[in-house]
Amino acid sequence: QVQLVESGGGLVQPGGSLRLSCAASRSIFSINLVNWYRQAPGKERELVAQITRGGNTDYPDSVKGRFTISRDTAKNTVYLQMNSLKPEDTAVYYCNGYILGQGDYWGQGTQVTVSS
């Protein structure tokens, strides 16, 4: 299994930037997929970024060009750089790890609020 701990959320003005971190308790290379999801009040959880063990990344159109997922394998940490933030990006952001044969693991979430 793996423990995932998010950090870096907060309050930011529209157009601003934030970087979220997801620290894993084991090597990133042992996790097949690391994803960032978000969930706004009254809405379903939405995938916003994915990085594979091989380093391939993917994003939905809603954040493509604004969000970037990356990793530091030495620190076992995955990041989500969020630029040009909009009020509709307000949500709790969750780190998710999928390990083949074991399933999904989730962090506790970190709140991101975009407001003036």
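**A word on the sheet that holds strand S3 (residues 18–24)**
Strands sit in the order S1-S3-S8-S7 across an open sheet of four strands; the sheet is antiparallel. Strands at the two margins of the open sheet, each flanked by one partner only, are strand S1 (4–7) and strand S7 (67–72). Ignoring which end each strand starts from, the neighbouring axes of this sheet average 20 degrees apart. Bridge count between S3 and strand S8 (residues 77–82): six bridges; the pairing is antiparallel. Its bridge partner lying in S8, Cys 22 is registered against Val 78.

**Quick notes on the nonpolar core**
Counting 30 residues, the largest nonpolar core has Trp 36, Phe 67, Ile 69, Val 78, Leu 80, Met 82 and Tyr 93 as the members making the most contacts within it. Looking at this core, the elements that each hand over two or more residues are S3, strand S4 (33–39), strand S5 (46–52), S7, S8, strand S9 (91–99) and strand S11 (110–114).

**What to know about the pattern of salt bridges**
If you walk through the whole model with that rule in mind, you get four salt bridges. Among the salt bridges present, the one from Lys 64 reaches Asp 61, with a minimum N-O distance of 3.6 Å. What makes Lys 64 partly exposed here is its relative accessible area of 49%. Close ionic contact of Arg 66 with Asp 89 constitutes a salt bridge, the shortest N to O distance being 2.8 Å.

**Quick look at unusual backbone geometry**
With a phi angle near 50 degrees, Asn 76 is a residue other than glycine that sits in the positive phi range. Of note, the phi angle at Ser 84 is positive, near 50 degrees, even though the residue is not glycine. By secondary structure assignment, the location of Ser 84 is in the loop between S8 and S9. We classify Ser 84 as partly exposed; its relative accessible area is 41%.

**Some remarks on the packing of aromatic side chains**
A ring pair, where both rings are aromatic, is described by two values, the distance of the centres and the angle of the planes. As enumerated under the stated definition, the model contains two aromatic pairs in all. Look at Tyr 37 and Trp 106: their rings are 5.1 Å apart centre to centre, the planes differ by 55 degrees, and that puts the pair in the tilted class. Note that Tyr 37 is positioned in strand S4 and Trp 106 in strand S10 (residues 103–106), a separation of 69 residues in sequence. Residue class for Trp 106 comes out partly exposed when judged on its relative accessible area of 37%. An angle of 85 degrees between the planes, with centres 6.4 Å apart, marks the rings of Tyr 94 and Trp 106 as edge-to-face.

Reading the values: the criteria
Residues numbered from 1 in each chain as written. Predicted model: local features only at pLDDT ≥ 70, side-chain atom pairs only at ≥ 80, totals over all residues. Heavy atoms only, no water. Pairing = 2+ DSSP bridges. Helix = DSSP H or I, 4+ residues; strand = E, 2+ residues; numbered from the N terminus. Axes fitted to C-alpha atoms, helices over the stretch in contact; angles between N-to-C directions. Core = buried A, V, L, I, M, F, W, Y, C linked by side-chain atoms within 4.5 Å. Buried < 20%, exposed > 50% of the residue type's maximum accessible area, 1.4 Å probe, protein only. Salt bridge = Lys/Arg side-chain N within 4 Å of Asp/Glu carboxyl O. Phe/Tyr/Trp six-rings, centres within 6.5 Å; stacked < 30°, edge-to-face > 60°.

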